[in-house]
Amino acid sequence: MMKRMNGMETNNFGGEDDDDYSGFNDYNAMLDTEDLVHDETFQKAVLRTSHGRRPVTQAKMALGGGPGTQGRLTTAARGRLAMPSSMGHPGGLQDGQARPMTAVRAAGFTSAGNRIGSGFDPFNQAGKGPAPPLEAKPEDSPEEKIRHLEKKVNELIEESCLANSRGELQLALDKAKEAGRKERVLVRQREQLSKGDQINLDLTYSVLFNLANQYVANEMYHEAINTYQVIVKNRMFSNAGRLKVNMGNIYFKQRNFQKAVKFYRMALDQVPNTHKEMRTKIMQNIGITFVKLGQYNDAITSFEHIMSESPNFKTGFNLILCYFALGDREKMRDGFAKLLTVDLKIDDEDKYLSHGDDKQYNLVLEVIKNDSLRQIERERKYEAERCIKYAAKIISPAIESSFSDGYDWCIEMVKNSQYIDLAHDLEIDKAIMFLKQKDFAQAIETLKSFEKKDSKVASTAATNLSFLYFLEADYAQADKYAEVAMAADRYNPSALVNKGNVLYAKQDHEKAREFFKEALSNDSSCIEALYNLGLCNKRLSRLEEAIDCFYKLHAILRNSPQVMYQIADTYEQLEDSAQATEWFMQLIGVVSSDPSVLARMGELYDNEGDKSQAFQYYFDSYRHFPSNIPVIEWLGAYYIDSQFCEKAIHYFERASIVQPNQVKWHLMIASCYRRSGNYQKALETYKQIHRKFSDNVECLKFLVRLCTDLGLNDAQEYATKLKKAEKNKELREQRATSAGRRGSGRARRESSAGSDLDREGSAGAQGKVSKKQRVRTKLDDVDRGPYQLSQPQEIDASYSDPLGPQAERPKTAARRKGPHDDEFGDEELGEDLLPE
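What you see is a predicted model; the values in this text were computed from it and never measured.

## Comments concerning the overall build of the protein
Piece 1. A tally of helices and strands in the protein yields 36 helices and two strands.
Piece 2. A burial count over the protein gives 34% of its 836 residues as buried.
Piece 3. The contacts in the protein between residues at least 6 apart in sequence include a share of 49% that link residues at least 24 apart.

Written as structure tokens, this is what we have:
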């Protein structure tokens, strides 16, 4: 509180209050200083002091006084006068309100700083809290709205691009359209603020360009063309003419090649010569479009210009294709030679070789040997090799009189170029081309020429030779070249697989298994070795190990039918019908029309006793492959068991078409007719069988019985033929038996006269004869069936149905009543029933 006594002033700070401005709202009427400005005596006293001689300040001028009217007015008036920092606040201070912050306090100074020895630190304001934030600009201002809207448009463009990269094309298009709508609102707001000259052209260009790209991604080509037209026609956009390339690409996709060429040329005219790479790509598009139009001369002009300015492999390959289409041999030669001169622009690959003792360099090599730059170099090298190989395959039959001479010319050109490493690959390709042309002799001769080459090429050639001989079943030569391939490169998995295949074909499954395991140890991704190892384990009855192999292979080849079939078949051998059924079901999901798999499923359900499911799968198998005899036989037997003999006839007729010389199917057809009650049709069928198989005893028996039952006169004729047929059959059996006895007797004589080795050989011969005899006896039993008589001289018309005994009819009475049997004959009559 400021006090004035006898023209002097003192500062009185009461108590321990640290508030710098406490007490300013307390006003004492005795200290009214308003009249001091007009007190001449006081003013003169002030002028004689040092304070009165100070220069006039802005604060004094604000109070309206001069040098003589100041003194302590500024301090005394603090309680009522508004300071510059509070000018923006309307109205005066009210009771209970805190006084607004002044510039003095904001600078960190207080009245306590005038104390001597107070230790005041203006940079240490601990305990007073942070300064309040500056007053923000109002968010509803037009400039702030425009700035916020621009930010929102940019965010929508980014979200649209990200959605496109994720494959969400419709979402990307929706975001692009929304960005376009907000950008138009932004333009209107700028025009309302009379800031049309401040339009953000870059933002407008980005919105339209992104929208056009999203239209193209969604195949809305008409809308994309219109959007590009808006950009191109606006002269305010610099370099917008280059977008005509994009418009040309759209017309190319629409196969409107004339307009595509037009827009490509317009874009080429607007690209300066300094942008050589862009001009090259546009000219390449023009050349490809001319190829689509069939204008090969115009395409050649574009490609030749590119090859003279900035040669690359794709353009060179396209140029060779154009020469080939025109049939120009010399140009094809020149084009192939020019293709070999293209520089890959790849640094020396020696930098990827390890240095023996340089650990630091080896660590760096581990980092760079498979980085992105290394991958780009590999892609370039692969593209170059692919273009050269394809070009050689295409032009080799056209540049010379024969394919072989043309390929030899290409190989010589490659040997004299920087791509000399490709020469051996081209020779291997030459042998493969011979294989495709079915010229196996030339293929083998070409591959044999590599025997004295370096190890890698020799191993590749020997591997192919081994495979060729294996396909020809020449296992000796296949084994020889498999050994050659392994000698050239012991770690060649293909050579080891070929060696294992030869041993597998020779039934040496144990050794084959070792070679397959070695191939897998050298290359764990060799699917051929893994599959063959599973087959070997199955043959060796190591079913659990086979399951492991096939499961590993299934993880690599997820939907391979062969692998899934092997897993299912192995589970069936393990008698795990549930797992076998599940895997066969998965296999049917992959190959739903495989008749053998469907038949296996029917067999599984049949073994489980589920006839309805078995019938469904057998019927599907028959539908896809109606010539499978086991399936036909099962379906016929199913209908016979179900007492639908008429339906079984259809399947046995199909079997008789597939095996017309098998009498069994004809007999079954006739038996089905007889079971269904159609005796006349059955008799006709038996007669047809007799005409085709005149010596068949079973057919004659059926004819005798049917003719007898129907009372026909042909019964005696067929009985005579039956007697003759049975005699002939007996003679055949006797001759077969006597021949077997003579063979066995000869074998015994040779065994008694020879050495121990001869004994073993004669025993083997006897075993073979006895086996043949057993097979012949079995066949005779099939021919004879259950119809052979013990005494063929007597005619017996009895027969047995080849379809088995007919279902027994249920009994309805114990016996048949006679015509004279009385209904009450076996009962005693009571007296009440007697007549009176």
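## Re the packing of aromatic side chains
Piece 1. All chains considered together, the criterion is met by 24 aromatic pairs.
Piece 2. Measuring from ring centre to ring centre gives 5.7 Å for Tyr 469 and Tyr 481, while their planes differ by 15°; the resulting arrangement is stacked. With a gap of 12 residues between them, Tyr 469 in helix H20 (residues 455–471) and Tyr 481 in helix H21 (residues 475–488) connect regions that are remote in the sequence.
Piece 3. Taking relative accessible area as the criterion, Tyr 469 reaches 8% and is therefore assigned buried.

## Some words on the nonpolar core
Piece 1. The biggest cluster of nonpolar side chains holds 82 residues, and the ones touching the most others in it are Leu 635, Phe 652, Tyr 686 and Ile 689.
Piece 2. Among the nonpolar cores identified, the runner-up in size contains 68 residues, and Tyr 221, Val 245, Val 261 and Phe 403 belong to it.

## Description of a nonpolar patch on the surface
Piece 1. A cluster of nonpolar residues, Tyr 679, Leu 710 and Leu 712, forms a patch on the protein surface that exposes about 260 Å² of accessible area.
Piece 2. Among the residues examined, Leu 710 registers a relative accessible area of 39% and is labelled partly exposed.

## Let's talk about the UniProt feature "repeat: TPR" (unreviewed entry) in the protein
Piece 1. Sites flagged by UniProt as "repeat: TPR" (unreviewed entry) map to residues 241–274, 280–313, 493–526 and 595–628.
Piece 2. Helix makes up 71% of residues 241–274 and strand 0%. Its end C-alpha atoms lie 16 Å apart.
Piece 3. Secondary structure over residues 280–313 splits into 85% helix and 0% strand, and the C-alpha atoms at its two ends are 13 Å apart.

## Brief notes about the packing of helix H8 (residues 221–233) against helix H9 (residues 244–253)
Piece 1. Running from N to C, H8 and H9 point in directions that differ by 160°, and their axes come no closer than 10 Å. One way to sum up the angle between H8 and H9 is to call them roughly antiparallel. The handedness of the crossing between H8 and H9 comes out as left-handed. Contacts between H8 and H9 involve Tyr 221, Ala 224, Ile 225, Tyr 228, Gln 229 and Val 232 from the former and Lys 244, Asn 246, Met 247, Ile 250, Tyr 251 and Lys 253 from the latter.

## A few points about the packing of helix H23 (residues 509–522) against helix H24 (residues 527–539)
Piece 1. Two numbers describe how H23 lies on H24: the axes approach to 9 Å, and their chain directions differ by 150°. Put simply, H23 runs roughly antiparallel to H24. In the crossing of H23 with H24, the sense of the turn from one axis to the other is left-handed. Here His 509, Ala 512, Arg 513, Phe 516, Lys 517, Ala 519 and Leu 520 of H23 come into contact with H24, specifically with Ala 529, Leu 530, Asn 532, Leu 533, Cys 536, Asn 537 and Arg 539.
Piece 2. Looking at the contact of H23 with H24, its residues break down into eight nonpolar, three polar and three charged.

## What to know about unusual backbone geometry
Negative phi is the rule for most residues except glycine; trans is the rule for most peptide bonds.
Piece 1. The phi angle at Glu 575 is positive, at roughly 65°, despite the residue not being glycine.
Piece 2. Among the structural elements, Glu 575 can be located in the loop between helix H26 (561–573) and helix H27 (577–590).
Piece 3. You can call Glu 575 exposed: its relative accessible area is 72%.
Piece 4. Of note in this structure, Gln 643 is not a glycine but carries a positive phi near 65°.

Calculation notes
- Residues numbered from 1 in each chain as written.
- Predicted model: local features only at pLDDT ≥ 70, side-chain atom pairs only at ≥ 80, totals over all residues.
- Heavy atoms only, no water.
- Helix = DSSP H or I, 4+ residues; strand = E, 2+ residues; numbered from the N terminus.
- Buried < 20%, exposed > 50% of the residue type's maximum accessible area, 1.4 Å probe, protein only.
- Contact = heavy atoms within 4.5 Å.
- Phe/Tyr/Trp six-rings, centres within 6.5 Å; stacked < 30°, edge-to-face > 60°.
- Core = buried A, V, L, I, M, F, W, Y, C linked by side-chain atoms within 4.5 Å.
- Patch = residues over 30% accessible without salt bridge, like charges linked within 9 Å, V, L, I, M, F, W, Y side chains within 5 Å.
- Areas by Shrake-Rupley, 256 points an atom, 1.4 Å probe, with all protein chains shown as cover.
- Salt bridge = Lys/Arg side-chain N within 4 Å of Asp/Glu carboxyl O.
- UniProt positions renumbered as here; feature names shortened; annotations may be inferred.
- Axes fitted to C-alpha atoms, helices over the stretch in contact; angles between N-to-C directions.
- Parallel < 35°, antiparallel > 145°, perpendicular 65-115°, else oblique.
- Left-handed = near helix turned anticlockwise from the far one by under 90°.
- Nonpolar A, V, L, I, M, F, W, Y, C, P; charged D, E, K, R; others polar.

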